[in-house]
Amino acid sequence: LPGTKVMHPISKNKVRIVAGNEKYESNIEVLNKSTIVLEIAEDGKIKINPYKNIEITQIDGNPDFPNIFKIENDGFFTYKTFLLCYQYKGSDGTTYEIKEELRMKYDEKNEEDF
């Protein structure tokens, strides 16, 4: 489903997001148990790790969601795109498998956008 996710840069090649459909809250206890870190390698491959106390498993091998980061242009706009596939244990104790595309409009002239 289309939606909006909060993405926090934590270093030059790492961002933190809320896993799956967990609710974002500006509360350290919630962030510790519901967020993941995406680490982007030079070749665009992504390694998915827990931020703190979430159970997460990266799933590799999905051709549609291959855990990569890329910059793409659709002919009108340029986007920074993450294609992710992982499992995590939600705050309700259920294990969810997530396949998601995160896209952020990107202005190539403004390098400070992540």
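See the structure shown above.
In this report, the structure presented in the accompanying data block is examined. Quantities reported herein were computed from a predicted structural model and do not represent experimental measurements.

### Digging into the overall build of the chain
If you tally the helices and strands in the chain, you get one helix and eight strands. Its helices and strands in sequence order give the chain the pattern β-β-α-β-β-β-β-β-β, from N to C terminus. Over its C-alpha trace the chain gives a radius of gyration of 14 Å, about what one expects of a compact globule, namely 13 Å for 114 residues. Overall, the C-alpha framework of the chain stretches about 40 × 30 × 25 Å when taken along its three principal axes. Within the chain, buried positions represent 34% of all 114 residues. Within the chain, contacts between residues separated by at least 24 positions form 36% of all contacts whose residues are at least 6 apart in sequence. With the model as given, the accessible surface of the chain reaches about 7500 Å², and the carbon-plus-sulfur share is 46%. The averaged location of the 20 negative side-chain charges in the chain is 3 Å from the averaged location of its 16 positive side-chain charges.

### Considerations on the nonpolar core
Within the largest apolar cluster, 17 residues are counted, with the highest numbers of intra-cluster contacts made by Ile36, Leu38, Ile46, Ile48, Phe82, Leu84 and Tyr86. Mapped by element, the contributors of at least two residues to this core are strand 2 (14-18), strand 3 (35-40), strand 4 (46-50), strand 7 (78-89) and strand 8 (95-106). For this core, the element with the most residues is strand 7, which contributes four residues.

### Here's the deal with the sheet that holds strand 2
Ordered by their spatial adjacency, four strands build an open sheet running 1-2-3-4, and the pairing between neighbours is antiparallel. Both outer strands of the open sheet, strand 1 (7-11) and strand 4, are each paired with one neighbouring strand and no more. Neighbour to neighbour, the strand axes of the sheet diverge by 30° on average, direction disregarded. Pairing of strand 2 with strand 3, which is carried by five bridges, proceeds in the antiparallel orientation. Note that in strand 3 the partner of valine 15 across the bridge is leucine 38.

### Some details on the packing of aromatic side chains
Aromatic rings considered in pairs are described by the distance between their centres and by the relative angle of their planes. Evaluated as defined, the whole model comprises four aromatic pairs. Pairing phenylalanine 69 with phenylalanine 82 gives two aromatic rings, centres 4.9 Å apart and planes at 55°, and the pair type is tilted. Linking phenylalanine 69 in strand 6 (residues 68-73) with phenylalanine 82 in strand 7, this pair joins segments that are 13 residues apart in sequence. On the basis of relative accessibility, which here comes to 18%, the residue phenylalanine 69 falls in the buried class. Pairing tyrosine 86 with tyrosine 88 gives two aromatic rings, centres 6.2 Å apart and planes at 45°, and the pair type is tilted. The class of tyrosine 86 is buried, set by a relative accessible area of 0%.

Rules of the game
- Going along each chain's sequence as written, the residues are numbered from 1 onward.
- Local features in this predicted model are restricted to residues of pLDDT 70 or higher, and side-chain atom pairs are both shown and tallied only at a pLDDT of 80 or more, whereas totals for entire chains, interfaces and linings draw on every residue.
- The basis for every side-chain value is the complete set of heavy atoms in the structure, and neither hydrogens nor water enter the calculation.
- We count a stretch as a helix when DSSP gives it H or I for four or more residues in a row; a strand needs E for two or more, and each element gets its number in order from the N terminus.
- Note on method: radius of gyration uses C-alpha positions; expected globular size equals 2.2 Å times residues raised to 0.38.
- Whether a residue is buried, partly exposed or exposed follows from its accessible area with a 1.4 Å probe, protein chains only, as a fraction of its type maximum: under 20%, in between, or over 50%, in that order.
- Residues count as neighbours in contact if any of their non-hydrogen atoms are within 4.5 Å of one another.
- Only the protein chains shown count as cover for residues, and all accessible areas are computed by the Shrake-Rupley method using a 1.4 Å probe.
- Charge assignment in this entry is limited to Lys and Arg as positive and Asp and Glu as negative, and neither His nor the chain termini are counted.
- Just so you know, the charge point we use is NZ for Lys, CZ for Arg, CG for Asp and CD for Glu.
- Joining through side-chain atoms within 4.5 Å is the link that ties buried Ala, Val, Leu, Ile, Met, Phe, Trp, Tyr and Cys residues into a set, and such a set is a nonpolar core.
- Strands are labelled as partners when DSSP assigns at least two bridges between them.
- Lines fitted to the C-alpha atoms define the axes, with helices restricted to the stretch that makes contact. Angles between their N-to-C directions range from 0 to 180 degrees.
- The pairing test for Phe, Tyr and Trp rings, Trp by its six-membered ring, is centres within 6.5 Å, and the orientation test on the planes gives stacked under 30 degrees, edge-to-face over 60, and tilted for anything in between.

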